[in-house]
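# Chains, contacts and geometry: an overview
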Amino acid sequence: MIREASLERITKETEIQMNLSLDGKGNSDIETGIGFFDHMLEGFARHGFFDLSVHVKGDLVVDDHHTVEDTGIVLGTALKQALGDKKGIRRYGSCILPMDEALVLCAVDLCGRPYFVWDAEFPGEKIGTLSTEMIKEFFYAVSYACGMNLHIKMLYGGNSHHIAEAMFKSFAKALDEAVSYDPRIQDVLSTKGSLA
């Protein structure tokens, strides 16, 4: 089964084209207009071994909100499509990831029911041109568009760049584990018989 998705989302605020392969090599082609956000998505692809192409034209003359949030919506939708019926996947994934002085925990359940828990604070309001408050909004959008249970907790950290990078990489590692196949799982890993 080829686990890929190609999406286009056009609104008055953003135009987004995305291609995602869950079984990739970590290749990426990212252009959102926000340098640090590009860097985080590249890290997500690389550390999750996802092939990801994202091209965004957003209303950055207003601010970065629509660009980041809408990219999260499209990524979550692409994940949901690429996963298909979820037969044979591990469903759960988690990672505690260090980035210099920062340590971040991420846990994922691809249960089909959206829920998002966030326990983190950033020392600064901006990283480059990315508003740090938008990082929470991005992960919220991903979790709800995909229908995943997503928990992100900053255990500690003092540098906003390091904290954000640990979040994106730990999410990538947790998601890579959750989407991976386990030969012992013949259908879906649920007593209900469905992950929808």
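Our structure is the block above this text.
Residues numbered from 1 in each chain as written. Predicted model: local features only at pLDDT ≥ 70, side-chain atom pairs only at ≥ 80, totals over all residues. Heavy atoms only, no water.

## Regarding the packing of aromatic side chains
What counts, and what does not: Between 30 and 60 degrees the pair is tilted, below 30 it is stacked and above 60 it is edge-to-face, where a pair is any two Phe, Tyr or Trp rings, Trp via its six-membered ring, whose centres lie within 6.5 Å. By definition, any uninterrupted DSSP run of H or I lasting at least four residues is a helix, any uninterrupted run of E lasting at least two residues is a strand, and each is numbered from the N terminus. Burial classes: relative accessible area under 20% of the type maximum marks a residue as buried, over 50% as exposed, and values in between as partly exposed (1.4 Å probe, protein chains only).
The final tally for this structure, using the stated rule, is 11 aromatic pairs. Plain terms: the ring middles of phenylalanine 116 and tyrosine 140 are 6.1 Å apart, the flat faces sit at 75 degrees to each other, and that makes the pair edge-to-face. Highlighted residues: phenylalanine 116 in strand β7 (residues 115-119) and tyrosine 140 in helix α3 (residues 133-146), separated in sequence by 24 residues. Exposure remark for phenylalanine 116: the relative accessible area of 13% places this residue in the buried category. Ring pairing ties together the aromatic residues Phe37, Phe44, Phe50, Phe138, Phe139, Phe168 and Phe171, which thus form one cluster.

## Details of the side chain of aspartate 109
Short version of the rule: As used in this structure description, the phrase polar contact means that two N or O atoms lie within 3.5 Å; if the pair is within protein, one of them must be able to donate a hydrogen and the other to accept it, and residues adjacent in sequence are counted only when both atoms belong to side chains. We call two residues in contact whenever any of their non-hydrogen atoms come within 4.5 Å of each other.
Within the element layout of this structure, aspartate 109 appears in strand β6 (residues 102-109). Overall, the relative accessible area of 9% leaves aspartate 109 in the buried class. A polar contact is formed between the side chain of aspartate 109 and the side chain of arginine 91, at a distance of 2.6 Å. Filtering out sequence-adjacent residues up to four positions away, aspartate 109 remains in contact with Arg91, Tyr92, Met148 and Asn149.

## Section: the pattern of salt bridges
Rules: Here a salt bridge means any side-chain nitrogen of Lys or Arg lying within 4 Å of a carboxyl oxygen belonging to Asp or Glu.
Under the defined criterion, the tally for this structure stands at seven salt bridges. Across the pair aspartate 109 and arginine 91 runs a salt bridge, and its minimum N-O distance is 2.6 Å. Residue aspartate 109 is found in strand β6, and its partner arginine 91 is found in the loop between α2 (65-83) and β5 (92-99); the two are separated by 18 residues along the sequence. Using a relative accessible area of 7% as the deciding quantity, one classes arginine 91 as buried. With a shortest N-O distance of 2.9 Å, glutamate 165 and lysine 169 are connected by a salt bridge. One end of the pair is glutamate 165 and the other is lysine 169, both in helix α4 (residues 160-179) and four residues apart, which spans about a single turn. Assigned by exposure class, glutamate 165 and lysine 169 land together as buried. Beyond isolated ion pairs, a larger network of salt bridges with shared partners links Arg90, Asp182 and Arg184.

Geometry only, nothing functional implied.
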